[in-house]
Amino acid sequence: MTLPQKVRLVDVGPRDGLQNESQPISVADKVRLVDDLTAAGLSHIEVGSFVSPKWVPQMAGSAEVFAGIQQRAGVSYSALTPNLKGLEAALEAGVREVAVFAAASEAFSQRNINCSIAESIERFTPVLEAAQAAGIKVRGYISCVLGCPYEGEVGADQVAGIARDLHAMGCYEVSLGDTIGTGTPGATRKMIEACAVHVPRDRLAGHFHDTYGQALANIYASLLEGVSVFDSSVAGLGGCPYAKGATGNVATEDVLYMLNGLDIETGIDLDLLVDAGARISQVIGRENGSRVARAILAAR
Ligand SMILES: CC(C)(COP(=O)([O-])OP(=O)([O-])OC[C@H]1O[C@@H](n2cnc3c(N)ncnc32)[C@H](O)[C@@H]1OP(=O)([O-])[O-])[C@@H](O)C(=O)NCCC(=O)NCCSC(=O)C[C@@](C)(O)CC(=O)[O-]
């Protein structure tokens with residue numbers, strides 16, 4: 001299969017990247033991060049989530065973040081909404097795109113959203129209906145598509161069944177999350193092939209964490225499978241509270257550098273992106289998780 005000419009990168013850093021930080025991060029710093037990503041040319045930024053503040057305290061200020069950002073026309077600023085309560089709060093905050101999130105393993109579903117996979121799909125139905133009535137787009141996530149921290153291996157057919165359900169219920173895109181980063185290119189291709197039986201490839205996205213250093217290889221494997229949307233996190237921010245030892249998402253800078261080398265268009269400016277990652281890394285006092293950014297910053 002030939003590689004796509006264009007790829008859409010969804011920067012999930014402000015949400016997936018920051019949600020696990022135990023130290024408080026100010027609304028102003030979060031707003032600045034989103035604005036920096038907009039300036040760098042991202043066309044989709046996941047800004048926050050409307051979830052229980054008891055479960056994920058860091059995301060409690062998401063409405064304020066939405067109120068503070070400078071929204072650029074043509075850019076999607078999305079948020080996670082696990083249930084109707086979350087959707088209502090998102091709508092009140094003026095959010096125009098939301099995402100529901102399921103898991104491919106029962107244990108992870110219980111730990112993450114306190115219900116079974118089947119119950120989560122039931123819970124999403126009114127969310128999708130209300131979002132459609134409000135005229136806003138809904139994305140669907142599946143966690144643990146290439147392995148679960150509690151159950152180990154996860155079957156590609158199990159992932160494919162959930163992808164089919166999310167797509168059938170109206171999710172315009174299904175993002176396939178390798179939450180613990182154990183996937184390899186061979187397993188990635190098999191999993192995408194299984195999903196593609198039910199969901200068109202141009203409706204699938206890849207969401208790779210880089211815990212085992214496989215994320216770029218898995219993205220390349222996904223490109224070969226006809227996937228052209230990838231989630232990533234500036235400076236490789238993140239981890240997962242329900243997946244011990246998990247590192248952040250693959251760094252947006254690293255993905256962009258690879259895509260630039262493949263002459264695949266993204267509309268993103270690498271230098272501005274590196275600036276954005278350097279700034280937020282400094283704010284949270286962490287080493288920049290992007291190897292490309294570290295190299296560029298060292299050479300400047
Ligand atoms: C889903 C629930 C709410 C169920 O949690 P629950 O306890 O079963 O829900 P509940 O309906 O019984 O409500 C319990 C309390 O939460 C409140 N509540 C209920 N819903 C909301 C809401 N939307 N916003 C604010 N508050 C809410 C509700 O009002 C109540 O408050 P109380 O009466 O105790 O004061 C909870 O488990 C939760 O919030 N989980 C969040 C988990 C989360 O955000 N995880 C991280 C994101 S997923 C992810 O990172 C993976 C991904 C997407 O990146 C892909 C990958 O890499 O795998």
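Residues numbered from 1 in each chain as written. Predicted model: local features only at pLDDT ≥ 70, side-chain atom pairs only at ≥ 80, totals over all residues. Heavy atoms only, no water.

Colleague: Just checking my understanding: could you explain the side chain of D36 for this structure?
Modeller: Along the chain, D36 turns up in helix α2 (residues 27-40). Residue class for D36 comes out buried when judged on its relative accessible area of 12%. At 2.5 Å, the side chain of D36 forms a polar contact with the side chain of R279. In contact with D36, not counting residues within four places along its chain, are A276 and R279. (Helix = DSSP H or I, 4+ residues; strand = E, 2+ residues; numbered from the N terminus. Buried < 20%, exposed > 50% of the residue type's maximum accessible area, 1.4 Å probe, protein only. Polar contact = N/O pair within 3.5 Å; in protein donor to acceptor, adjacent residues only side chain to side chain. Contact = heavy atoms within 4.5 Å.)

Colleague: Any chance you could explain the side chain of D16 here in plain terms?
Modeller: Here D16 lies in helix α1 (residues 13-17). There is a polar contact of 3.2 Å between the side chain of D16 and the side chain of Q19. At a separation of 3.0 Å, a polar atom in the side chain of D16 contacts the side chain of H207.

Colleague: Can you walk me through the nonpolar core in this structure?
Modeller: As a rule of thumb, nonpolar side chains are buried together in soluble globular proteins. Grouped together as the largest cluster of nonpolar side chains are 93 residues, with contacts concentrated most on F124, I142, V159, L166 and L176. Ignoring anything within four residues of it in the chain, the contact list for I142 reads A102, A103, A104, V159, I162, A163, L166, V174, S175, L176 and G177. (Core = buried A, V, L, I, M, F, W, Y, C linked by side-chain atoms within 4.5 Å.)

Colleague: Would you mind showing me how to read the packing of helix α11 (residues 270-284) against helix α12 (residues 291-299) here?
Modeller: Two quantities define a packed helix pair, namely the angle between the axes and the distance from one axis to the other. Relative to each other, α11 and α12 sit at 100°, their axes nearing to 10 Å. Here α12 runs roughly perpendicular to α11, going by the angle between their axes. Of the residues in α12, those in contact with L270, D271, V274 and A278 of α11 are V292, A293, I296 and L297. Considering only residue class, the contact of α11 with α12 consists of seven nonpolar, no polar and one charged. (Axes fitted to C-alpha atoms, helices over the stretch in contact; angles between N-to-C directions. Parallel < 35°, antiparallel > 145°, perpendicular 65-115°, else oblique. Nonpolar A, V, L, I, M, F, W, Y, C, P; charged D, E, K, R; others polar.)

Colleague: Just checking my understanding: could you explain the site of the ligand for this structure?
Modeller: As a matter of local geometry, the ligand sits amid 25 residues, with K54, N112, N114, S143 and T179 nearest to it. Between Q19 and the ligand, the recorded distance is 2.9 Å, taken from a side-chain N or O atom to an oxygen atom. Within the backbone of V51, a nitrogen or oxygen atom sits 3.2 Å from a nitrogen atom of the ligand. Out of a free accessible area of 1100 Å², the ligand has 75% covered by protein chains. Classifying every residue of the shell around the ligand gives ten nonpolar, ten polar and five charged. (Near = heavy atom within 4 Å. Areas by Shrake-Rupley, 256 points an atom, 1.4 Å probe, with all protein chains shown as cover.)

Colleague: Could you clarify how one ought to interpret the sheet that holds strand β5 (residues 137-143) in this entry?
Modeller: Pairing between sheet strands relies on hydrogen bonds along the backbone, with the strands arranged either parallel or antiparallel. In space, the eight strands of this closed barrel follow the order β1-β2-β3-β4-β5-β6-β7-β8, with parallel pairing throughout. Averaged over all pairs of adjacent strands, the angle between their axes in this sheet comes to 25°, without regard to strand direction. Those strands touched by α2 are β1 (8-11), β2 (44-49) and β3 (76-80), and its axis lies near 170° from that of β2. Helix α9 (residues 215-224) contacts β6 (173-178), β7 (204-208) and β8 (229-232) of the sheet and is inclined by roughly 170° relative to β7. (Pairing = 2+ DSSP bridges.)

Colleague: What's the story with the pattern of salt bridges in this structure? I'm lost.
Modeller: Pairs can form between side chains of opposite charge whenever their charged atoms are close. Counted according to the given criterion, the structure contains 15 salt bridges. With a shortest N-O distance of 2.8 Å, D231 and R139 are connected by a salt bridge. Remark: R139 occurs in strand β5 and D231 occurs in strand β8; sequence separation between them is 92 residues. A relative accessible area of 1% places D231 in the buried class. Assessed through its relative accessible area of 1%, R139 is described here as buried. Here the salt bridges do not stand alone but share partners, grouping R8, R139, E173 and D231 into one network. (Salt bridge = Lys/Arg side-chain N within 4 Å of Asp/Glu carboxyl O.)

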